[in-house]
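# Topology and contacts: notes
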Amino acid sequence: MRRPRAMVLDEVWRRLDGVEPLSGPHGGPLRRTVKLILDPLVIRPVQHPQCAGSMLSADGAVLLATRVHAAADVLRATAAWFTLLKQTRRGLRITEGNAQDLYFQRCFELATVNGLPDPVRDRAAAEAALREIHGLSAGRTTQALKEYLSEPARGDELTDLIRTAWRRRPLTEVPDHSDLLAALLETCAATRFDDPEADGSGGAIDLDEAVAASVGTHTGIRLWLDRNGSVAQELGLTLYPLPLPPRVGNSASTATLGLPLDRTIHERIFTVLQASSERADLPPIPELVDAEIARACAPWALLDESLRVAAAAGAALAVHLRPLGNPLTPEPDPDTARASLTGTVAGLLSAAVGLTGTAAGLLGTTAGLLGAPIGSASAAGMAGAAADSADSIPTEGGSPGSNGARRVVGADLGRAPERAADVIAGLASSAVGPADTAHSNGSAAARVINGRWQREAYVLQARRMMVRVDAVEGPLGAIAADLRVPWRPYLRRLWARLHGRDVREFPVCAADELWDLLDGVARSVILDHRMRVKRALAVSAVTEPDERESRVG
């Protein structure tokens, strides 16, 4: 019998003693314990595929339990080292960074080499480890950033600098680069794929030509212009019809980050520091702040022209992404929509997680969460309704993304496919309309990504979700909303990568490198969606078992 991996791991973990510092309030392993210690250092799912899936066979569950129990002594020592490092951290008055992120793996290393620590004898080793970990930052810490920006006099000075830089933005007429962007994407595809439609002929250009023509700068200027409409908002880069000047900001958190063009100077530098393992390679904090102000007031909020070109090419590619395909159908009535959704979730459970005998029980749970009564007879009817609605997609959208990304105000997602055409028209004056996009997969680059995305199991099932976005809540509803406006999560992730490269002065140098960047972002978004589906369904499998059984009965 197959069992959810999270449930098996939770049961095994609770049998261990002495691991409380690595455990949550209810006794199970912390999420970071699983991510940083158990998966990469103990279970090693890549080497042991039986332990890798969201659902484990009986043999996989036994293997997972065996590997965790075999590492019990090291895990107890890891917990003890973590306690010692936290005590030493407080004594040294270190407040930088998340202790679990910074110390979990180092504690496992110390436990493997030295075993259980002695609070007195090993305090020097703990202090040395802390100084080594925090010495790599060379003063480029989030705390130093906060202290620098929180000084009242400096805050006023930086605000004036932002106003000056924002007033000096170029807002003149710029040429149309739609043909250059299309040719650049064709060149990118031609460098990586033997596509007869992307053979490098027909006006293909090199990245250097696009940089010389200031394609990135000009398309970035268009995001600021009233006459092009709410392009930046439609692309999911800002909450507002037009980008606003950045604020200095006095705090930052990865859970509450704004959309790319709405982030404060504090948030922008905070994300760079958080993602940097070798902060000593970055400029000092004052230089980082000054450069970030200039960057935030530049086209695409980027300074390097090759990275601006990458952002423009990414936008031209993103609006042709169609994970759900092209068909547009009228919205069904709510009763049919709810029944269709329930059948769809049953398919998701089977396709994405690989459930067999437990699918009926999980279906009952999901139906209960949606407020739809279900029994064995109605399940078949609902599944049939879902099958009948194949090739349909929802015509309303919802919240644009994950990881704290906020809802785009005033966005009418009911016209998402048409608005995609409007966006690219506003961005680069491209003559692409709803009639064109309904019968075309866009460039060869878009066909490659769409083909990969549309083969995903969760996408194949989501195409049957002939529902409004308010017909489902929670993680599955958020994923469905992302699939309706795929350019938004794509461009948010692309901008974050370009911003990181810009701060570190890593330009894009060739068409094949540009394609690797654009394609890598698409793969990252697809994998993120897949993981979110698996996580949501695994949670459904382990919660409220008694209630699930009563609903099935």
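Everything in this summary refers to the structure shown in the same document. Remember, it's a predicted structure, so these values are computed and weren't measured experimentally. (Residues numbered from 1 in each chain as written. Predicted model: local features only at pLDDT ≥ 70, side-chain atom pairs only at ≥ 80, totals over all residues. Heavy atoms only, no water.)

## What about the nonpolar core?
Our working definition: Buried residues of nine kinds, namely Ala, Val, Leu, Ile, Met, Phe, Trp, Tyr and Cys, make up a nonpolar core once their side-chain atoms join them within 4.5 Å. Partly exposed residues are those whose accessible area sits between 20% and 50% of the maximum for their type, while under 20% is buried and over 50% is exposed, using a 1.4 Å probe and protein chains only. Put simply, DSSP H or I for four residues or longer makes a helix, DSSP E for two residues or longer makes a strand, and each gets a number counted from the N terminus.
Of all hydrophobic cores here, the largest spans 58 residues; its most connected members are Leu 235, Tyr 490 and Leu 514. Of all elements in the fold, only helix 9 (178-192), helix 10 (207-212), helix 12 (231-234), helix 15 (305-318), helix 21 (444-454), helix 23 (474-484), helix 24 (487-503) and helix 25 (511-542) reach the threshold of two or more residues within this core. Of all hydrophobic cores here, the second largest spans 41 residues; its members include Trp 13, Leu 30, Leu 110 and Ala 126.

## Looking at empty space enclosed by the protein
Rolled over the atoms, a probe with the dimensions of a water molecule shows which regions are left empty. Our working rule: Within this scheme a cavity is a closed region of a 1 Å grid, computed over the protein atoms alone, that accommodates a 1.4 Å probe without allowing it to escape, whereas a pocket is open but has protein on both sides within 12 Å along at least five of seven lines; lining residues each have an atom within 4 Å of a point. Grid points are joined across faces, edges and corners, and a volume is the space filled by probe spheres set on the points. Under this grouping Gly is polar, as are all residues other than the nonpolar Ala, Val, Leu, Ile, Met, Phe, Trp, Tyr, Cys and Pro and the charged Asp, Glu, Lys and Arg.
This structure, assessed with the given rule, holds five cavities of 30 Å³ or more. Estimates place the volume of the largest cavity at around 90 Å³. In terms of lining residues, the largest cavity is bounded by Trp 166, Leu 223, Trp 224, Pro 243, Leu 244, Pro 246, Leu 261, Arg 268, Ala 296, Ala 298, Trp 300 and Ala 301. When the residues that make up the lining of the largest cavity are grouped by side-chain class, the tally is 11 nonpolar, no polar and one charged.

## A word on helix 5 (residues 99-114)
Put simply, the rule is: When checking whether two residues touch, look at their non-hydrogen atoms; a contact exists if any pair is within 4.5 Å. We define a polar contact as two N or O atoms separated by no more than 3.5 Å, with the added condition that, inside protein, one atom must be a possible hydrogen donor and the other a possible acceptor, whereas residues neighbouring each other in sequence contribute only through side-chain atom pairs.
Residues of helix 5 that are buried: Ala 99, Gln 100, Tyr 103, Phe 104, Cys 107, Phe 108, Leu 110 and Ala 111. For helix 5, the secondary structure elements touched by its buried residues are helix 2 (31-43), helix 4 (72-91) and helix 6 (123-135). A distance of 2.9 Å separates the backbone nitrogen of Gln 100 from a side-chain oxygen at the start of helix 5, and that oxygen is part of Asn 98. Taken from the residues just after helix 5, Gly 115 is the one with a positive phi, measuring 75°.

## A look at the side chain of His 266
Relative to the assigned elements, His 266 resides in helix 13 (residues 265-275). His 266 has contacts with Leu 145, Lys 146, Leu 149, Val 248, Gly 249, Asn 250, Ser 251 and Ala 252, leaving out every residue within four places of it along the chain.

## What to know about the packing of helix 7 (residues 142-150) against helix 14 (residues 285-296)
Put simply, the rule reads: Note on geometry: axes are C-alpha line fits, over the in-contact stretch for helices, and angles between N-to-C directions span 0 to 180 degrees. Throughout, the term roughly parallel applies to angles under 35 degrees, roughly antiparallel to angles over 145, roughly perpendicular to angles from 65 to 115, and oblique to all others. In this scheme the crossing of two helices becomes right-handed for a clockwise turn of the near helix relative to the far one and left-handed for an anticlockwise turn of less than a right angle.
Taken N-terminus to C-terminus, the directions of helix 7 and helix 14 make an angle of 65°; their axes are 10 Å apart at the nearest point. Classed by the angle they form, the pair helix 7 and helix 14 counts as roughly perpendicular. For the element pair helix 7 and helix 14, the recorded crossing hand is right-handed. Here Ala 144, Leu 145, Tyr 148 and Leu 149 of helix 7 come into contact with helix 14, specifically with Ile 285, Pro 286 and Val 289. By residue class, the composition of the contact of helix 7 with helix 14 is seven nonpolar, no polar and no charged.

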